[in-house]
Amino acid sequence: QVHLVESGGGLVQPGGSLRLSCAASGSIFMNNSMAWYRQAPGKQRELVAVITSGDSTNYADSVKGRFTISRDDAKNTVYLQMNSLKPEDTAVYCCNALVRTDWYRPELHYWGQGTQVTVSS
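The structure presented is a predicted model; accordingly, all values stated were derived computationally and were not measured. (Residues numbered from 1 in each chain as written. Predicted model: local features only at pLDDT ≥ 70, side-chain atom pairs only at ≥ 80, totals over all residues. Heavy atoms only, no water.)

### Structural notes on the overall build of the protein
Scanning the protein from N- to C-terminus turns up 0 helices and 11 strands. In terms of C-alpha radius of gyration, the protein reaches 14 Å, essentially the compact-globule figure of 14 Å for 121 residues. Projected onto its principal axes, the C-alpha positions of the protein cover 50 × 25 × 25 Å. Put simply, the protein has 121 residues, and 39% of those count as buried. Residue pairs at least 24 apart in sequence account for 55% of intrachain contacts in the protein once pairs closer than 6 positions are excluded. Accessible area for the protein stands at about 6,600 Å²; split by element, carbon and sulfur atoms hold 47% of it. In the protein, which carries 11 positive and 10 negative side-chain charges, the distance between the mean positions of the two groups comes to 3 Å. (Helix = DSSP H or I, 4+ residues; strand = E, 2+ residues; numbered from the N terminus. Rg over C-alpha atoms; globule rule 2.2 N^0.38 Å. Buried < 20%, exposed > 50% of the residue type's maximum accessible area, 1.4 Å probe, protein only. Contact = heavy atoms within 4.5 Å. Areas by Shrake-Rupley, 256 points an atom, 1.4 Å probe, with all protein chains shown as cover. Lys, Arg positive; Asp, Glu negative; His and termini not counted. Charge placed at Lys NZ, Arg CZ, Asp CG, Glu CD.)

### Focus on the pattern of salt bridges
Considering all chains together, one arrives at 5 salt bridges under this definition. The partner of Asp89 in a salt bridge is Arg38, with the nearest N and O atoms 2.9 Å apart. Linking Asp89 in the loop between β8 (77-82) and β9 (91-100) with Arg38 in strand β4 (residues 30-39), this pair joins segments that are 51 residues apart in sequence. Here the two residues Asp89 and Arg38 agree in accessibility, since each one is buried. Between Asp61 and Lys64 there is a salt bridge whose closest N-O contact spans 3.1 Å. By relative accessible area, which is 64% here, Asp61 ends up exposed. By relative accessible area, Lys64 is classed as partly exposed at 47%. Bridged by salt links that share partners, the residues Arg38, Glu46, Arg66 and Asp89 form one connected network. (Salt bridge = Lys/Arg side-chain N within 4 Å of Asp/Glu carboxyl O.)

### Structural notes on the sheet that holds strand β1 (residues 2-7)
Pairing within the open sheet is antiparallel, and its 4 strands lie in the order β1-β3-β8-β7. The open sheet terminates on both sides in strands that have one partner only, identified here as β1 and β7 (67-72). Neighbour-to-neighbour, the strand axes of this sheet turn through a mean angle of 15°, independent of strand direction. Where β7 lies against β8, 6 bridges are found, and the strand directions are antiparallel. Note that in β8 the partner of Asp72 across the bridge is Thr77. (Pairing = 2+ DSSP bridges. Axes fitted to C-alpha atoms, helices over the stretch in contact; angles between N-to-C directions.)

### Structural notes on the state of the cysteines
Counted under the stated rule, the structure contains 1 disulfide. Here Cys22 connects covalently by a disulfide to Cys95, the sulfurs 1.8 Å from one another. One end of the pair, Cys22, is in strand β3 (residues 18-26); the other, Cys95, is in strand β9, and 73 residues separate them in sequence. A residue is classified by how much of its surface remains accessible, and Cys22, at 0% relative accessible area, is buried. (Disulfide = S-S within 2.5 Å.)

### Some thoughts on a nonpolar patch on the surface
On the surface, Phe29, Met30, Trp103 and Tyr104 cluster together into a nonpolar patch covering about 500 Å² of accessible area. Position of Met30 among the secondary structure elements: in strand β4. (Patch = residues over 30% accessible without salt bridge, like charges linked within 9 Å, V, L, I, M, F, W, Y side chains within 5 Å.)

As far as function goes, none of this settles anything; it's purely spatial.
Dropping the structure here:
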């Protein structure tokens, strides 16, 4: 079993910054890609940013130039640095990890519980 725990959410004013963290723990043989998703009230969940095991990254157009995803494989942790935050960034942010729990097992997606980010004056 793999558990993902997010932290770092909160209330911030427009133009401010937050740094989200997501730590994975449990039976991790190989941690492949890790990603951040978000879901705002009344909207579909969207991919915010993804980082592969080779450190390739991809971002939603709406956050390019403002958000940066990074990972620390020694800690099985993924980060999302969010700068120049806008009210439309308000959402629950969830992390996702594509993990193999043993060499013979398939990769599976695991999800965290989510952390609320609210951008408001």
